[in-house]
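Topology and contacts: notes
Here is what each chain is made of, one letter per residue.
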Amino acid sequence: MPTTRRAFLQTSVAATAAGALLPTALRAATAEPASRPIPSSGEQLPIVGLGTWITFNVGEDPQRKDECAAVMAAFFESGGRMIDSSPMYGSAQPVIGYGLQKLGRPKALFAADKVWTSGDGPAQIEETRAYWGVPRFDLLQVHNLVDWEAKLPLLFEMKAAGKLRYVGITTSEGRRHDLIERIMRDQPLDFVQFTYNAVDREAEARLLPLAAERGIAVIVNRPFEQGALIRRVANAPLPGFAAEVGATSWAQLLLKFILAHPAVTVAIPATSRVDHVRENLAAGGGLLPDADLRARISAQVRSL
Amino acid sequence: MSEWWSYSAEDFLLFSPRTYWRMFELQNEAYWPLPVLTLALGGIVTFLAARGGANFLRSAAAILALVWSFVAYTFLWTRYAGINWAIAYVAPAFVLEALLLLLIAVRAGFTVQPRGVVPWTGYLLLAFATVGVPLLAPLHGRDRSTSEIFGIAPDPTVIATLGFLILLRGRFLWLLYPIPILWCLLSGMTLHTMGDAQAWMPFTAVAVVAAAAIAAAVRRPSRTPA
Ligand SMILES: NC(=O)c1ccc[n+]([C@@H]2O[C@H](COP(=O)([O-])OP(=O)(O)OC[C@H]3O[C@@H](n4cnc5c(N)ncnc54)[C@H](OP(=O)(O)O)[C@@H]3O)[C@@H](O)[C@H]2O)c1
């Protein structure tokens, strides 16, 4: 089957005006990820972001903080924008703040964080903001739906007052999808974040179609199941069909599987390595698999 | 958190093994050459315990109180709590244990276990905590710089204390056991969740203490018939 039938261009999903003007080969070469609009505003967002759970929790270690800053530098250089964190992630927030300061506060940053424990509210958000050193967050999400009845109104209030740009909720690993679905139906959310990958496809049934229908941007967390998917495929050769979408590694193929779903806005793999962040961002450029190829990727990973 | 049953220990592990072991490297580096001194203190505690006699034992308890508070502040509070927010709640427990050790140092009120397998277990734990634990780093394929040292890192400090406690007999001594035992379980679970083979070490310490406690309980009635 010719490549054109197996794979389709990013532009057929949605792409930046600039990206659409570039020939595919060139975009792949510059390793820039494509962009998609946030439905509630139309703002374009590169489809690969950066998670910070575990990887950025390095404490006060100057050497490791510099390594994280290098990952962030490579992330912005490769055209990334969204960095996601949470008060739950130990020292990840101050480490992000350190990196942003070191990089001269990159304009491209799309700062996404969360409100977490039920006891916390505005004070925690303020503490989080101070860690990042940003004037305001682009996105705040209710982490794992903790105390969402109280936290969502707080976030909507902040948005109305111009102290926040977007509001979202998160879950992971298939937890509480019923409640997520209900909140997606009832609340004017800008973003929803959940787990979706070649093995964990539960979101395809209801959440992804509902997000598309309601115009809610989707952030996909745990694209590699915290590295477990990478370990699972580590000893298997990269299938020949990877070349059809220009994937040069399993990580890229796994990411392209996720990004090819039209309801996905951004996937946020976490990494502690500069070469991996470049590889992940590059997966957001060039071709993406069509339905048939996606089915084969999923089947292949599941068989391993 | 609802649906708590769907969470596993992995969901609460907030750091990578690399970051975990790097803490010990940084801790040793930050206080160098103090680790040499605390290692010597571990030897002194073992010596004092072996000498027996109320004043020797009280000095040993005082040294242990000192290193517990040092580890509580320098390692748990200022280092470990930075990558694991739950440790901020553990550090005060270490201070409490230090106070309890100080209390027995001041008030005495204990005697040494009669000779036999129980005190020997105590000496064994003390020796293992001071000399054995630092060797685990190279044995488990880690750099020597990540070695856990008595008085500098929690595990050897806690295990040495358990060894010391086993040597003693006294009415309120049981009050000193929960914090070190719970620490060993927490440390073992953390290492196990990290997939680190060294999880055997704190778990074995607990098993040894439990066995010694049972042995002591079994012996006691025969020595003091009702
Ligand atoms: N409830 C919630 O709100 C929630 C829950 C879970 C996650 N999240 C968010 O989602 C983000 C991502 O999820 P995650 O951190 O669980 O894990 P993940 O992104 O699925 O996997 C991260 C692991 O993949 C490895 N990796 C990344 N890129 C790679 C590449 N190109 N090649 C090989 N290995 C690669 C990393 O190792 P290296 O460091 O060696 O690259 C790391 O160990 C989190 O950081 C967090 O921001 C949110």
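Residues numbered from 1 in each chain as written. Chains lettered and ligands numbered in written order. Predicted model: local features only at pLDDT ≥ 70, side-chain atom pairs only at ≥ 80, totals over all residues. Heavy atoms only, no water.

Chain B goes by DUF6064 family protein in an unreviewed UniProt entry, where it is assigned to Dongia sedimenti.

As annotated in an unreviewed UniProt entry, chain A carries the name Aldo/keto reductase and is attributed to Dongia sedimenti.

**Notes on the overall build of chain B**
Within chain B, the regular secondary structure consists of eight helices and two strands. Start at the N end of chain B and walk to the C end: the helices and strands fall as α-α-α-α-β-α-α-β-α-α. Over its C-alpha trace chain B gives a radius of gyration of 18 Å, about what one expects of a compact globule, namely 17 Å for 226 residues. Taking all 226 residues of chain B together, 51% fall into the buried category. Contacts spanning at least 24 positions in sequence make up 75% of the contacts within chain B whose residues lie at least 6 apart. Accessible surface, chain B as shown: approximately 10500 Å² in total, 71% of it carbon and sulfur. For chain B, the distance from the average position of its 14 positive side-chain charges to the average position of its 10 negative side-chain charges is 22 Å. (Helix = DSSP H or I, 4+ residues; strand = E, 2+ residues; numbered from the N terminus. Rg over C-alpha atoms; globule rule 2.2 N^0.38 Å. Buried < 20%, exposed > 50% of the residue type's maximum accessible area, 1.4 Å probe, protein only. Contact = heavy atoms within 4.5 Å. Areas by Shrake-Rupley, 256 points an atom, 1.4 Å probe, with all protein chains shown as cover. Lys, Arg positive; Asp, Glu negative; His and termini not counted. Charge placed at Lys NZ, Arg CZ, Asp CG, Glu CD.)

**Topic: helix H1 (residues 17–31) of chain B**
Here H1(B) spans 22 Å end to end across 15 residues, near enough to the 21 Å set by a 1.5 Å rise per residue. Among the residues of H1(B), those classed as buried are Thr19(B), Tyr20(B), Trp21(B), Arg22(B), Met23(B), Phe24(B), Leu26(B), Gln27(B) and Asn28(B). Of the surrounding secondary structure, the elements contacted by the buried residues of H1(B) are helix H4 (62–77) of chain A together with helix H2 (34–51), helix H3 (54–83), helix H6 (154–167) and helix H7 (178–193) of chain B. (Expected span 1.5 Å × (residues − 1).)

**Some words on the side chain of His261(A)**
Mapped onto the elements of the fold, His261(A) is located in the loop between helix H11 (250–259) and strand S11 (266–267). Ignoring sequence-local partners within four residues, the contact set of His261(A) consists of Arg36(A), Tyr196(A), Glu204(A), Leu208(A) and Arg294(A).

**With respect to the interface of chain A and chain B**
Counting residues at the interface gives 18 residues for chain A and 18 residues for chain B. Of all residues in chain A, the largest losses of buried area upon contact with chain B belong to Asn57(A), Arg64(A) and Arg175(A), amounting jointly to 30% of the total for that side. For the pair chain A and chain B, the number of links is two salt bridges. Residues Asp61(A) and Arg22(B) are paired through a salt bridge, measuring 2.4 Å at the closest nitrogen-oxygen approach. Between chain A and chain B we count eight residue pairs in polar contact (both at pLDDT 80 or more) in total. Among the residues forming the side of chain A that touches chain B, the class breakdown is six nonpolar, six polar and six charged. (Buried area = accessible area lost by both parts, 1.4 Å probe. Salt bridge = Lys/Arg side-chain N within 4 Å of Asp/Glu carboxyl O. Polar contact = N/O pair within 3.5 Å; in protein donor to acceptor, adjacent residues only side chain to side chain. Nonpolar A, V, L, I, M, F, W, Y, C, P; charged D, E, K, R; others polar.)

**Section: the site of the ligand**
Residue and element names in this part refer to chain A. Close to the ligand lie 31 residues; Asn144, Phe224, Thr271, Ser272 and His276 are nearest. In the environment of the ligand, an oxygen atom lies 2.6 Å from a nitrogen or oxygen atom belonging to the side chain of His276. Between Asn280 and the ligand, the recorded distance is 2.8 Å, taken from a side-chain N or O atom to a nitrogen atom. No other element matches the three residues that helix H12 (residues 274–283) contributes to the shell around the ligand. Taken together, the residues of the shell around the ligand break down into nine nonpolar, 16 polar and six charged. (Near = heavy atom within 4 Å.)

**So, the UniProt feature "transmembrane region" (unreviewed entry) in chain B**
Residues and elements named next belong to chain B. The positions that UniProt labels "transmembrane region" (unreviewed entry) are, in the present scheme, residues 30–49, 56–77, 83–105, 117–137, 149–168, 175–194 and 200–218. Counted over residues 83–105, helix gives 87% and strand 0%. Its end C-alpha atoms are 34 Å apart. From the first C-alpha to the last, residues 200–218 spans 26 Å; its make-up is 100% helix and 0% strand. (UniProt positions renumbered as here; feature names shortened; annotations may be inferred.)

**Focus on the environment of Leu48(B)**
All names here are of chain B. With respect to the helices, strands and loops of the structure, Leu48 is situated in helix H2. Taking the C-alpha atoms as reference points, Leu48 and Ala60, twelve residues apart in sequence, are found 6.1 Å from one another. Beyond its immediate chain neighbours, meaning those up to four positions away, Leu48 contacts Phe56, Leu57, Ser59, Ala60 and Ile63.

**Some thoughts on the pairing of strand S8 (residues 164–170) of chain A**
The side chains of a regular strand alternate, first on one face of the sheet and then on the other. Residues and elements named next belong to chain A. Of all seven residues that make up S8, six are buried, and the element is covered over most of its length. Pairing geometry for strand S7 (residues 137–142) and S8, over five bridges, is parallel. Counted as the bridge partner of Leu140 is Val167 from S8. This β-α-β element, S7 to helix H7 (residues 148–160) to S8, shows right-handed connectivity. Alignment of S8 against strand S9 (residues 191–195), held across three bridges, turns out to be parallel. Across the sheet, Ile169 pairs through a bridge with Val192, a residue of S9. Each parallel crossover has a hand, and the one from S8 via helix H8 (residues 177–186) to S9 is right-handed. (Pairing = 2+ DSSP bridges. Right-handed = clockwise from strand over helix to strand, strands pointing away.)

**Thoughts on the packing of helix H4 (residues 87–107) of chain B against H6(B)**
Each pair of packed helices can be described by the angle between their axes along with the distance between the axes. Residue and element names in this part refer to chain B. At a closest axis distance of 13 Å, the pairing of H4 and H6 adopts a crossing angle of 30°. The chirality of how H4 crosses H6 is left-handed. Counted together, Phe94, Glu97, Leu101 and Ile104 of H4 and Pro154, Val158, Thr161 and Phe164 of H6 form the full contact between these two elements. Of the residues belonging to the contact of H4 with H6, the class tally is six nonpolar, one polar and one charged. (Axes fitted to C-alpha atoms, helices over the stretch in contact; angles between N-to-C directions. Left-handed = near helix turned anticlockwise from the far one by under 90°.)

**Describing the packing of aromatic side chains**
As enumerated under the stated definition, the model contains 21 aromatic pairs over all chains in all. Plain terms: the ring middles of Trp132(A) and Phe137(A) are 5.4 Å apart, the flat faces sit at 85° to each other, and that makes the pair edge-to-face. Take Trp132(A) and Phe137(A): they sit in the same class, and that class is buried. Summarising the aromatic geometry, the rings of Phe15(B) and Tyr80(B) are spaced 5.9 Å apart at their centres and angled 65° between planes, so their arrangement reads as edge-to-face. With Phe15(B) in the segment before H1 and Tyr80(B) in helix H3, this pair connects stretches of sequence that are 65 residues apart. (Phe/Tyr/Trp six-rings, centres within 6.5 Å; stacked < 30°, edge-to-face > 60°.)

**Some remarks on the sheet that holds S7(A)**
Residue and element names in this part refer to chain A. Strand order in the open sheet formed by eight strands is S4-S5-S6-S7-S8-S9-S10-S11, with parallel pairing between adjacent strands. Every other strand in the sheet has two partners, leaving strand S4 (50–51) and S11 as the edge strands with one partner each. Contacts between helix H6 (residues 122–132) and the sheet are confined to strand S5 (82–84), strand S6 (110–115) and S7, with S6 contributing the most and set at about 150° to the helix.

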